[in-house]
Structures are given as C-alpha cells and as structure tokens.
Amino acid sequence: MSTTGLEELTGSTISVITNDGRNIVGVLRGFDQTINLILGDCHERVYSTKSGVEQLLLGLYIIRGDNVAIIGEMDEELDSQIDLSAVRAPPLKPISH
C-alpha cells in the first residue's frame, strides 16, 4: 500500500497481519516512509481451533515496517456484529521468505 493510501486511513481502525502471523487491530495514529505504524487503542486477536478468538489488550503499539505483511481497513459496523467467541480458526503461520 502506498503512503498515500495510509494517509487516507489515519484515524481509522485497521487490521495488520504481521510476518510472524499476528493479527493486530487498532486505530492508525501515524506512520513513516518505511511503513512503521503507530496504532492506538489496539488489541491482538489470537485465533484457536479449540476456543473462540482471544483479544489481548495492547493499548498504544508500534509495529516495525519490516514486520508488516498486510494492512486492511476495518468495517467497524460489520466487525461489531461478529461473535468472536464463536469463531474457530487455526493461527496464521509465519511468512517465510
């Protein structure tokens, strides 16, 4: 995603998939030219095949740009309708280069 696209997402809730398979959701507060991200009010969603999605509160969080695999805008209305306690999924595997 170009930095222009990130400028449009500043202040919006985004989901970030990291190279090590983590899913971090938060409000994009800032970024730089190397896609280092500053997220506010964020949490990590931990997926499991045995129990629902666990949400670990992180608060203000910085993600190094070289650890970002995917950035996506969240539809907060749609996301609030999902019962995460009923979602079963295997954790994402780390990306290998």
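Residues numbered from 1 in each chain as written. Predicted model: local features only at pLDDT ≥ 70, side-chain atom pairs only at ≥ 80, totals over all residues. Heavy atoms only, no water.

Peer 1: Help me get a handle on the overall build of the protein chain, residues and values and all.
Peer 2: The secondary structure content of the protein chain amounts to two helices and five strands. N-terminal to C-terminal, the α/β element order of the protein chain is α-β-β-β-β-β-α. Relative to the globule expectation of 13 Å for 97 residues, the C-alpha radius of gyration of the protein chain, 13 Å, shows essentially globular dimensions. Projected onto its principal axes, the C-alpha positions of the protein chain cover 40 × 35 × 20 Å. Sorting the 97 residues of the protein chain into buried and exposed places 37% on the buried side. If you take every contact in the protein chain between residues at least 6 apart in sequence, the share linking residues at least 24 apart comes to 52%. When the accessible area of the protein chain is evaluated, it comes to approximately 6100 Å², of which 53% is carbon and sulfur surface. (Helix = DSSP H or I, 4+ residues; strand = E, 2+ residues; numbered from the N terminus. Rg over C-alpha atoms; globule rule 2.2 N^0.38 Å. Buried < 20%, exposed > 50% of the residue type's maximum accessible area, 1.4 Å probe, protein only. Contact = heavy atoms within 4.5 Å. Areas by Shrake-Rupley, 256 points an atom, 1.4 Å probe, with all protein chains shown as cover.)

Peer 1: Talk me through the pairing of strand β1 (residues 13-18); I want residue IDs and the actual numbers.
Peer 2: Burial analysis of β1 places six of its six residues in the buried class, the great majority of the element. Side chains Thr-13, Ser-15 and Ile-17 project from β1 onto one buried face, and the interleaved Ile-14, Val-16 and Thr-18 project onto a second face that is buried too. Alignment of β1 against strand β2 (residues 23-31), held across five bridges, turns out to be antiparallel. Bridge pairing in β2 places Val-16 opposite Ile-24. Where β1 folds back on β2, the antiparallel hairpin that results is connected by four residues, among which Gly-21 adopts a positive phi of roughly 90°. (Pairing = 2+ DSSP bridges.)

Peer 1: Residue-level account of unusual backbone geometry, with values.
Peer 2: Backbone geometry places Ile-35, a non-glycine residue, at a positive phi of 65°. Mapped onto the elements, Ile-35 comes out in the loop between β2 and β3 (37-46). One non-glycine residue, Asp-41, lies in the positive phi region at around 50°. With respect to the helices and strands, Asp-41 occurs in strand β3.

Peer 1: Hey, could you go over the pattern of salt bridges for me, with residue numbers and the actual values?
Peer 2: Evaluated as defined, the whole model comprises four salt bridges. A salt bridge links Glu-44 to Arg-22, with the shortest nitrogen-to-oxygen separation between them at 2.9 Å. Of this pair, Glu-44 sits in strand β3 while Arg-22 sits in the loop between β1 and β2, and the two are 22 residues apart along the sequence. (Salt bridge = Lys/Arg side-chain N within 4 Å of Asp/Glu carboxyl O.)

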